[in-house]
Amino acid sequence: MSGAPFQAVVIGASAGAVQALLRLLPALPGDFPLPVLIVVHVPPDRDNALVSLFREKCTLPVKEAEDKERAEPSTIYFAPSDYHLLVEQDGTLSLSSEQPVNYSRPAIDVLLATAADAWGAGLCAIVLTGANDDGAAGLKAVAGAGGVAIVEDPASAQFPTMPAAALAACPTARVMTLADLLIFLPGLVAA
Amino acid sequence: MPHSVEDIEIQLLLEALYHQYHYDFRHYARASVKRRLIQARTQLGFSSFSAMQAALLHDLSTLPRLLNYLTVQVSEMFRDPAYFRALREKIIPHLRTYPSLKVWVAGCSNGEELYSLSILFREEGLEQRTMFYATDINPEALRAAEAGIYPLDQIRKFTENHQQTAAPTSLSDYYTADYGRAAFDKTLRERVVFSDHSLVTDAVFGEMHLISCRNVLIYFDRSLQDRALGLFRDSLARKGFLGLGAKESLRFSKHAEAFADFVREEKIYQRREP
């Protein structure tokens, strides 16, 4: 399946996010051909420190997503704290300060559902560790639009609730450990 | 990717809304509009966007209900306290040099930002020489802004925010609490004109010294953002100020040249000399 061409990777993570992403993101090679969009639940009052943390660790450029910029290949984008991150049909990004979804802003569901709409079968979406059920509805939308839906194996996730909820909502999702993802992700090719 | 039937229905619904009622959401950022329309479809009980369109055209009661979904009404007083602190410490000293002032809160929604500015200007002794213009496209939001009543459970957050603006007074000086609601002092709106105005279709209506428009432009597409920013440019007095939301910027705009960074980190810009 990883031989099929893709347009983007989106990732949602909550509790345990930093440790999981520290395994995955630095392992992506500099010529990784897709944009990577990430929502991590962070407290609204704090500046999003993820960008500076991962910028130091990653080969790929890491930035905070900006309103109406195009999602470029070989770039990692984090949603800013206190804003939802959405994908438009033309592959540009939008921010929104609409009410929290699943008590979260940014919410994983919002990113996944709009990315599914924009990229359909060209999307690979991953729900990682977390202690709530954000991302479940979004992952179902990704699979419904023909995209590849993946959950971190709840058996080995630091916090299994979120990937387990996503798997329950989207039973066709592929279940992968972080080690599986480390093999799978670098094999993705661009459309 | 080809447009789905649903996307076509949404486009037609927005056309109907424009042609029948002159509300133009056609150049709003579509992903967010679609999410809100999906919510409206579920919560208002329509089987499809086409059914919603038929109701919109034939049943007058549909419009206000739909507008409440299409316009975003989430805000708080003194949201991003650092912005208001920058206004207090870096912009107010300039505004003090004018004998009379005009301030425009564009897209005022339920009025949180308006009351924040009105309190700030009172604290700084500028209120009596200032006219405030609070505009929005949603009549229900304008009525709520004019009423100035907020749920009491929001007040703690508003108070925390206010304190972080280096405020010389306490927020509790400005409202009375009752039955779970906080009603803001009506003298705060004595110098406010509440008005229906669209950044999409309406024109310049005055020469402003400060325009505050926060978390409004993110709901527009690039072309509409440029339209609104052009309107702001044309509405500002020489060396007037424009304040945007924390994640909004002029960087990608064709009007970027008309403005200079004034407080860069708070997205406060100054109109360059024409």
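For every chain, the first residue of its written sequence is number 1, and the numbers climb from 1 along that sequence. As they are written, the chains are lettered A onward and the ligands numbered 1 onward, keeping that order. Totals for whole chains, interfaces and linings use every residue, but because this is a predicted model, local features are given only for residues with pLDDT of at least 70 and side-chain atom pairs only at 80 or more, for both listing and counting. Note: side-chain values were computed over all heavy atoms of the structure, leaving out hydrogens and water.

- Chain B appears in an unreviewed UniProt entry as Protein-glutamate O-methyltransferase CheR from Croceibacterium xixiisoli.

- An unreviewed UniProt entry annotates chain A as protein-glutamate methylesterase of Croceibacterium xixiisoli.
- UniProt positions are given in the numbering used here, feature names are shortened, and annotations may be inferred rather than shown by experiment. If you open the UniProt record of chain A and go to Catalytic activity (unreviewed entry), you find "[protein]-L-glutamate 5-O-methyl ester + H2O = L-glutamyl-[protein] + methanol + H(+)".

1. Details of the overall build of chain A
Next, step 1: Here a helix means four or more residues in a row that DSSP labels H or I, a strand means two or more in a row labelled E, and each is numbered from the N terminus. Looking only at helices and strands, chain A features 6 helices and 11 strands.
Next, step 2: To get the radius of gyration, use the C-alpha atoms; to get the globule rule, take the number of residues to the power 0.38 and multiply by 2.2 Å. Relative to the 2.2 N^0.38 estimate, which gives 16 Å for 191 residues, the radius of gyration of chain A is 14 Å and therefore close to what a compact globule would have.
Next, step 3: C-alpha extents for chain A along the principal axes are approximately 40 × 35 × 30 Å.
Next, step 4: The burial tally for chain A puts 56% of its 191 residues in the buried class.
Next, step 5: Total accessible area computed for chain A in this model is approximately 6900 Å², and 55% of it derives from carbon and sulfur atoms.
Next, step 6: Only four residue types enter the charge count, namely Lys and Arg as positive and Asp and Glu as negative; His and the chain termini do not. To locate a charge, take NZ of a lysine, CZ of an arginine, CG of an aspartate or CD of a glutamate. For chain A, the distance from the average position of its 10 positive side-chain charges to the average position of its 20 negative side-chain charges is 3 Å. Three exposure classes are used, based on accessible area relative to the maximum for each residue type with a 1.4 Å probe and protein chains only: buried under 20%, partly exposed in between, and exposed over 50%. Methods summary: accessible areas were calculated by the Shrake-Rupley approach with a probe of 1.4 Å, and residue burial reflects only the protein chains presented.

2. Focus: the pattern of salt bridges
All names here are of chain B.
Next, step 1: By definition here, a salt bridge exists when the distance from a side-chain nitrogen of Lys or Arg to a carboxyl oxygen of Asp or Glu is within 4 Å. Applying the stated rule across the entire model yields 25 salt bridges over all chains.
Next, step 2: Here Asp7 and Lys34 are joined by a salt bridge, their closest N and O atoms 2.8 Å apart. Of the two residues, Asp7 sits in helix H1 (residues 5–21) while Lys34 sits in helix H2 (residues 30–44), which places them 27 residues apart along the sequence.
Next, step 3: With a closest N to O distance of 3.2 Å, Arg26 and Glu15 form a salt bridge. Linking Arg26 in the loop between H1 and H2 with Glu15 in helix H1, this pair joins segments that are 11 residues apart in sequence.

3. Topic: the UniProt feature "active site" (unreviewed entry) in chain A
Residues and elements named next belong to chain A.
Next, step 1: Per the UniProt record, "active site" (unreviewed entry) is found at Ser14, His41 and Asp134. The named residues occupy 121 residues along the chain; their greatest pairwise C-alpha distance, 9.6 Å, places them in one compact cluster.
Next, step 2: Looking at the element boundaries, His41 is found in the loop between strand E3 (35–40) and helix H2 (50–57).
Next, step 3: We call two residues in contact whenever any of their non-hydrogen atoms come within 4.5 Å of each other. Contact partners of His41, with chain neighbours within four places excluded, come to Ala13, Ser14, Ser104, Pro106, Ile108, Asn132 and Asp134.
Next, step 4: If you trace the backbone, Asp134 turns up in the loop between strand E8 (123–127) and helix H4 (136–144).
Next, step 5: Setting aside anything within four residues of it in sequence, one finds Asp134 in contact with His41, Asn102, Ser104, Ala107, Ile108, Asp109 and Met162.
Next, step 6: Polar contacts here mean pairs of N or O atoms no more than 3.5 Å apart (in protein, one a potential hydrogen donor and the other a potential acceptor; neighbouring residues in sequence count only if both atoms are side-chain atoms). A distance of 2.6 Å separates the side chain of Asp134 from the side chain of Asn102, its partner in a polar contact.

4. Structural notes on the sheet that holds strand E2 (residues 130–136) of chain B
All names here are of chain B.
Next, step 1: Taken together, 7 strands build an open sheet; the order of strands is E6-E2-E1-E7-E8-E10-E9 and the sheet is mixed. The outermost strands of the open sheet, each flanked by one partner alone, are strand E6 (192–196) and strand E9 (259–263). When the angles between neighbouring strand axes are averaged without regard to direction, this sheet yields 20°.
Next, step 2: Each pair of strands is called paired provided DSSP finds at least two bridges between the two strands. As defined by bridge partners, strand E1 (residues 101–106) adjoins E2 across 6 bridges and the pair is classed as parallel. Structural elements are reduced to axes, namely lines fitted to C-alpha atoms, with helices fitted over the stretch in contact, and the angle between N-to-C directions of any two is expressed from 0 to 180 degrees.

5. So, helix H5 (residues 161–169) of chain A
Residue and element names in this part refer to chain A.
Next, step 1: Turning to H5, its buried residues number three or more, namely Met162, Pro163 and Ala166. Angular distribution of buried residues about the axis of H5 spans 95°; they occupy a single face of the element.
Next, step 2: For H5, the elements touching its buried residues are strand E2 (8–13), helix H3 (108–119), E8, H4 and strand E9 (148–152). What the arc describes is the spread of directions from the helix axis to the C-beta atoms.

6. Things to note about the packing of H2(B) against helix H4 (residues 62–70) of chain B
Residues and elements named next belong to chain B.
Next, step 1: Between H2 and H4, the least distance of the axes is 9 Å, while the angle of their chain directions is 140°. Considered as vectors, H2 and H4 are oriented oblique to each other. Helix-helix and strand crossings are classified by hand; for H2 and H4 the assignment is right-handed. Here Val33, Arg36, Leu37, Gln39, Ala40, Gln43 and Leu44 of H2 lie close against H4, whose contacting residues are Arg65, Leu66, Tyr69 and Leu70.
Next, step 2: Charged means Asp, Glu, Lys or Arg here, nonpolar means Ala, Val, Leu, Ile, Met, Phe, Trp, Tyr, Cys or Pro, and polar covers whatever is left, Gly included. Classifying every residue of the contact of H2 with H4 by side-chain character gives 7 nonpolar, 2 polar and 2 charged. Each angle receives one of four descriptions, namely roughly parallel if under 35 degrees, roughly antiparallel if over 145, roughly perpendicular if within 65 to 115, and oblique otherwise. Crossing handedness is read from the near helix: turned anticlockwise from the far helix by less than a right angle, it gives a left-handed crossing, and turned clockwise, a right-handed one.

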